[in-house]
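Inside the fold
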Amino acid sequence: MHELGLTETIVAIALDHAQGAHVLRLTLEVGQLTAVMPDAIRFCFDVCAQGTLLEGAVLEIIQPPGLGQCRVCGATLSLDSPFGQCTCGSVDLTIIQGQELIIKELELEELCV
Ligand SMILES: [Zn+2]
């Protein structure tokens, strides 16, 4: 499954950032044009996080909608897939939103020093 490898990477990056602290909340930004299923990530996350500092962390997934800009007339339009068509008839679009796949926020347990 594509999402499993992806989630393993996300967990590895998060653990790297946490530097030994427990992770309370992990916010992911998964654009709607990425074709990644948030439910699959959630499922894989529970598996990958088990036994790590991420275990029990709240996984929040934000899905920015697809947005493109026409290279011909400059109009912006919402996209359901990476391939859309502008109202002017052009299919020459720049994707400006919806392909994000990033860790947006990591909330760590405060360490008492
Ligand atoms: Zn256009």
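Reference entry: report on the structure contained in this document.

Criteria and cut-off values
Residues numbered from 1 in each chain as written. Predicted model: local features only at pLDDT ≥ 70, side-chain atom pairs only at ≥ 80, totals over all residues. Heavy atoms only, no water. Salt bridge = Lys/Arg side-chain N within 4 Å of Asp/Glu carboxyl O. Helix = DSSP H or I, 4+ residues; strand = E, 2+ residues; numbered from the N terminus. Core = buried A, V, L, I, M, F, W, Y, C linked by side-chain atoms within 4.5 Å. Buried < 20%, exposed > 50% of the residue type's maximum accessible area, 1.4 Å probe, protein only. Contact = heavy atoms within 4.5 Å. Expected span 1.5 Å × (residues − 1). Arc of directions from axis to C-beta. Pairing = 2+ DSSP bridges. Axes fitted to C-alpha atoms, helices over the stretch in contact; angles between N-to-C directions.

On inspection of all chains with the given rule, the structure shows four salt bridges. One salt bridge in this structure joins Asp92 and Arg71, with 2.6 Å as the shortest N-O distance. One end of the pair, Asp92, is in the loop between β4 (76-79) and β5 (93-97); the other, Arg71, is in the loop between β3 (66-70) and β4, with 21 residues separating them in the sequence. If you follow the salt bridges from partner to partner, you end up with Arg25, Glu60 and Glu107 in one network.

Counting residues in each nonpolar core, the largest one holds 18 residues, and the members touching the most others are Leu28, Ile41, Phe45, Leu54 and Leu59. Only α1 (2-18), β1 (23-30), α2 (38-49) and β2 (58-62) provide two or more residues apiece to this core. No other element matches the five residues that α1 contributes to this core. What Leu28 contacts, discounting residues up to four positions off in sequence, is Ile10, Ile41, Leu59, Glu60, Ile61, Ile62, Ile102, Ile103 and Lys104. Counting six residues, the second-largest nonpolar core is a separate cluster that includes Leu33, Cys70, Leu79 and Leu93.

Turning to α2, a few remarks are in order. If you check α2, its first and last C-alpha atoms are 16 Å apart, about what twelve residues at 1.5 Å a residue would give, namely 16 Å. Among the residues of α2, Pro38, Ala40, Ile41, Cys44, Phe45, Cys48 and Ala49 are the ones counted as buried. Viewed end-on, α2 has its buried residues packed into an arc of 145°, placing them on one side of the element. Exposed and facing more than 90 degrees away from the buried side of α2 are Asp39, Phe43 and Asp46. Each element contacted by the buried residues of α2 is listed here: α1, β1 and β2.

Our next topic: the sheet that holds β2. One open sheet accounts for three strands, arranged β2-β1-β6; its pairing is mixed. Pairing within the sheet leaves two strands with one partner each, and these edge strands are β2 and β6 (101-108). Here the strands of the sheet are splayed against their neighbours by 20° on average, with no regard to which way each runs. Taken together, the five bridges between β1 and β2 define a ladder with parallel strand orientation. Within β2, the residue paired with Arg25 across the bridge is Val58. Sitting on the sheet, α1 touches β1 and β6, and the angle it makes with β6 is about 40°. Strands β1 and β2 of the sheet are contacted by α2, whose axis makes an angle of about 160° with β2.

Scope: geometric values only; no functional claims are made or implied.
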